[in-house]
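Coordinates in review
Now for the letters of each chain:
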Amino acid sequence: MEPAKLLPFSPFTAPNFSSDLGSLVAAWHAEHGGGVFAHPVEPALVVTRHALLSKLSRHPNLQAQSNDDRATGPSADGALARVFSHHPLFHNQPQHKTAHRAALAIASGLGPAVLKDMAEQICGRQLNQLGDKPIIDLVHDYAVPVAALMWAQMVGVGDEYAADLGKWANAIRIPLWFQSADEQLGQADEGAANIEALIAEKSASLRAATDTNVVQLADQSLQSPGSEPLDSTGSEIVASMTFDAIDGSAGMLANMFSHLLQEEGAWDRLREDPNLADAAWMETARLSPPILGLFRSPTEDTEVDGHVFPAGTNVLMFNAAANRDPLAFAEPDRFDLDRKGPVLATFGYGPRACVGRALARTVGVVALRAFLGRYSAAELLVDEVDWGPCGLVRAVQNLPVRVTAV
Ligand code: HEM
């Protein structure tokens, strides 16, 4: 067994953590070949190697993050903790399987054709609203509204609530920053409380609605044969997923535009062949996922490839580092639209993998293709993008661009 060592530097507190993730990760891989190190700030282990992470992620002992460590400050017993108590991430087996299945019904139960059609209409409408403005912000004028409208329509609360949902979901990222003040954590609680109240208020009419909606699908899934009794209703699971759905999809879209506008030749290739939109989304998911990794914890002492993970220890599955592992991906820091390679670590693996990846991919690809159909050129108006505060969420904050209509 190789004991986890401390790295000779503290990458998590480096001021350039978000802006220079690639160099920091390359240094971890070079300094600590085994791919497990002790978290320099929290009592946890960090896993960075692709092969190890993909095995560990699927391991049946690796269940939810340990309870004690989920939230600190005002959010520990506030609305955020309450809302997240319904999220599949925080269930162990056997309840996890039931929660995961209900979450999958929410994210993809309407079917790929309906979701694609919904995304196309939302993107078209959003682009129409931008009219012939010569300068737009791709994050605030496009990525966030598209993701928020998509979720508002899917869950059936109505377009008029999309902007609020987007704002509230955005506040929930605060506990994922490496440093956050109690006052800021209070904003996350407030966001969670608002989401909880809105979805609860609408859920009675959603259940009674004649059109199928995701709250009904989740309720049906919770009552289906083989389900474990769960202390969650369909609408509570919907509320718990609002952050992932909006910030996940919007963050991917923002990060993808950021790559395409900065990587030489990428925009022109996409203009020539819009079918590359899917490759652009996947390569962004590898290099710049908006969620860098999440914690899990073994229910008993677990050994994988000679590394021991003691029961109850929190383990940060650093998916974004595994995606830049040179043992898995050649020239890992290069944005390569022709890349073929192993399955990305971005969404985890196995029975606990992300249920929203197909949805986020649909929204991302549709939104990029719609944008390419409307604008022939987009010129980034800042020299460096702002990644926001350092943390496990990493999404470009603003992308002002000068656009030229087709
Ligand atoms: C595109 C950006 C996204 C990224 C990078 C991402 C990443 C992740 C990761 C790393 C996990 C944990 C996997 C594990 O524990 O092994 C996860 C779980 C989850 N994600 Fe996502 N996600 C994204 C989008 C979404 C969306 C759009 C939704 C919902 C509509 C969603 C819903 C969930 C749920 C419910 C889980 C918990 C699954 C479970 O524990 O059974 N995610 N996601």
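Figured I'd write up the structure that's included with this text. (Residues numbered from 1 in each chain as written. Predicted model: local features only at pLDDT ≥ 70, side-chain atom pairs only at ≥ 80, totals over all residues. Heavy atoms only, no water.)

Some thoughts on the pattern of salt bridges
Applicable threshold: By convention in these notes, a salt bridge is any Lys or Arg side-chain nitrogen within 4 Å of a carboxyl oxygen on Asp or Glu. Helix numbers and strand numbers start at the N terminus; a helix is a DSSP run of H or I with at least 4 residues, a strand a run of E with at least 2. The buried label goes to any residue with under 20% of its type's maximum accessible area, the exposed label to any with over 50%, and the partly exposed label to all in between, with areas taken from a 1.4 Å probe on protein chains only.
Tallying each qualifying case throughout the model produces 16 salt bridges. Salt-bridge contacts for Asp219 lead to Arg207; the nearest nitrogen and oxygen are separated by 2.5 Å. One end of the pair, Asp219, is in helix H9 (residues 214-223); the other, Arg207, is in helix H8 (residues 182-208), with twelve residues separating them in the sequence. The class for Asp219 is buried, based on a relative accessible area of 14%. Using a relative accessible area of 34% as the deciding quantity, one classes Arg207 as partly exposed. Among the salt bridges present, the one from Asp336 reaches Arg334, with a minimum N-O distance of 3.4 Å.

Some details on the sheet that holds strand E4 (residues 135-137)
Selection rule: Each pair of strands is called paired provided DSSP finds at least two bridges between the two strands. Angular values range over 0 to 180 degrees, each being the angle between N-to-C directions of two axes fitted as lines to C-alpha atoms, with helices fitted over their stretch in contact. Working rule for contacts: check all heavy atoms of both residues, and any pair within 4.5 Å makes them a contact.
Ordered in space as E4-E10-E9, the three strands form an open sheet in which the pairing is antiparallel. A strand with exactly one partner marks an edge of an open sheet, and here the two such strands are E4 and strand E9 (375-380). Adjacent strand axes in the sheet meet at a mean angle of 35° when their direction is disregarded. Relative to E4, helix H6 (residues 138-155) is tilted by about 50°, and along the sheet it contacts E4 and strand E10 (400-405). With respect to the sheet, helix H15 (residues 357-374) is in contact with E4, E9 and E10, its orientation differing from that of E9 by roughly 105°.

Quick look at the nonpolar core
Operational definition: Working definition of a nonpolar core: buried Ala, Val, Leu, Ile, Met, Phe, Trp, Tyr and Cys residues. They are joined through side-chain atoms within 4.5 Å.
Trp151 and Phe371 are the most contacted members of the largest nonpolar core, which has 103 residues in total. Tallying contributions element by element places H6 first for this core, with 13 residues. Filtering out sequence-adjacent residues up to four positions away, Phe371 remains in contact with Leu127, Ile136, Leu138, Tyr142, Phe257, Trp267, Ala378 and Val403. With 17 residues, the next largest nonpolar core counts Phe17, Ala44, Leu316 and Phe318 among its residues.

Observations regarding the packing of H6 against helix H11 (residues 242-262)
For any two helices packed against each other, one specifies the inter-axial angle together with the distance between the axes. We apply this condition: Definitions for this section: a left-handed crossing has its near helix turned counterclockwise from the far helix by less than a right angle. A right-handed crossing has that turn clockwise. Residues are sorted three ways: Asp, Glu, Lys and Arg are charged, Ala, Val, Leu, Ile, Met, Phe, Trp, Tyr, Cys and Pro are nonpolar, and all the rest, Gly among them, are polar.
Two numbers describe how H6 lies on H11: the axes approach to 9 Å, and their chain directions differ by 145°. Judged by the twist between their axes, the crossing of H6 over H11 is right-handed. Packed against H6, whose contacting residues are Leu138, Val139, Tyr142, Ala143, Val144, Ala147, Ala148 and Trp151, the element H11 presents Thr242, Ala245, Ile246, Ser249, Ala250, Leu253, Ala254, Phe257 and Leu261 at the interface. Here the residues of the contact of H6 with H11 are counted per class, giving 15 nonpolar, two polar and no charged.

Focus on the coordination of the iron atom of the ligand
Note the following rule: Metal donors were taken as nitrogen, oxygen and sulfur atoms no farther than 2.8 Å from the ion, or 3.2 Å where the ion is Na, K or Ca. Water is excluded, so coordination may look unfinished.
What the protein offers the iron atom of the ligand as a donor is a single atom, Cys354 (SG), at 2.3 Å. With respect to the helices and strands, the residue Cys354 is situated in the loop between helix H14 (319-322) and H15.

Concerning the site of the ligand
Basically, it comes down to this: A single heavy atom is enough: if one lies within 4 Å of a molecule or strand, its residue is considered near that molecule or strand. Definition of a polar contact: a pair of N or O atoms within 3.5 Å, with one able to donate and the other able to accept a hydrogen when the atoms are protein atoms, and with sequence-neighbouring residues admitted only if both atoms are side-chain atoms.
Near the ligand there are 29 residues, and of these His96, His100, Met252, Arg296 and Cys354 occur at the shortest range. The contact in question runs from an oxygen atom of the ligand to an N or O atom on the side chain of His96, over 2.6 Å. Note that an oxygen atom of the ligand is positioned 2.5 Å from one of the side-chain N or O atoms of His100. Looking at the shell around the ligand, the elements that each hand over two or more residues are helix H4 (95-108), H11, strand E5 (294-298) and H15. Ranked by residue count, the leading element in the shell around the ligand is H11, at five residues.

Thoughts on empty space enclosed by the protein
Applicable threshold: Site definitions follow a grid-based scheme: protein atoms alone, a 1 Å grid, a 1.4 Å probe that fits but cannot get out for cavities, and for pockets an open set with protein on both sides within 12 Å along at least five of seven lines, plus lining residues having an atom within 4 Å of a point. Grid points are joined across faces, edges and corners, and a volume is the space filled by probe spheres set on the points.
Scanning the entire structure with this criterion turns up two cavities of 30 Å³ or more. A volume near 40 Å³ is recorded for the largest cavity. Every residue lining the largest cavity is listed: Arg173, Phe243, Asp247, Gly248, Pro290, Ile291, Val393 and Ala395. Of the residues in the lining of the largest cavity, the class split is five nonpolar, one polar and two charged. Around the second largest cavity, the lining residues are Ala147, Met150, Trp151, Ala245, Ser249 and Leu359. Those elements that provide at least two residues to the lining of the second largest cavity are H6 and H11. Looking at which element gives the most residues to the lining of the second largest cavity, the answer is H6, with three residues. For the lining of the second largest cavity, the class distribution of residues is five nonpolar, one polar and no charged.

Details of the packing of aromatic side chains
We count it as follows: Centres within 6.5 Å are what make two rings of Phe, Tyr or Trp a pair, Trp counting through its six-membered ring; a difference in plane orientation under 30 degrees is then read as stacked, over 60 as edge-to-face, and the rest as tilted.
Applying the stated criterion across every chain yields a total of eleven aromatic pairs. Taking 5.5 Å as the distance between ring centres and 75° as the angle between the ring planes, the aromatic pair formed by Trp28 and Phe37 counts as edge-to-face. Ring geometry for Trp281 against Phe347: centres 6.0 Å apart, planes inclined by 0°, an arrangement best described as stacked. Of the two residues, Trp281 is situated in helix H13 (residues 277-287) and Phe347 in the loop between H14 and H15; the sequence distance between them amounts to 66 residues. Across the pair, Phe347 and Trp281 agree in class, each one buried. Aromatic rings pair up to connect Phe17, Trp28, Phe37, Phe178 and Phe318 into one cluster.

So, the side chain of Thr48
Examined against the element boundaries, Thr48 turns out to sit in the loop between strand E2 (44-47) and helix H2 (50-58). Judged by relative accessible area, Thr48 falls into the buried class, the value being 1%. When sequence neighbours within four positions are dropped, the list of residues in contact with Thr48 reads Trp28, His29, Gly35, Phe37, Phe318, Ala321 and Ala322.

Structural notes on the pairing of strand E8 (residues 314-317)
Residues Asn314 and Leu316 of E8 are buried on one face, and the alternating residues Val315 and Met317, pointing to the opposite face, are buried as well. Two elements, E2 and E8, share four bridges in a ladder whose sense is parallel. Residue Val47 lies in a different strand from E8, and its bridge partner there is Met317.

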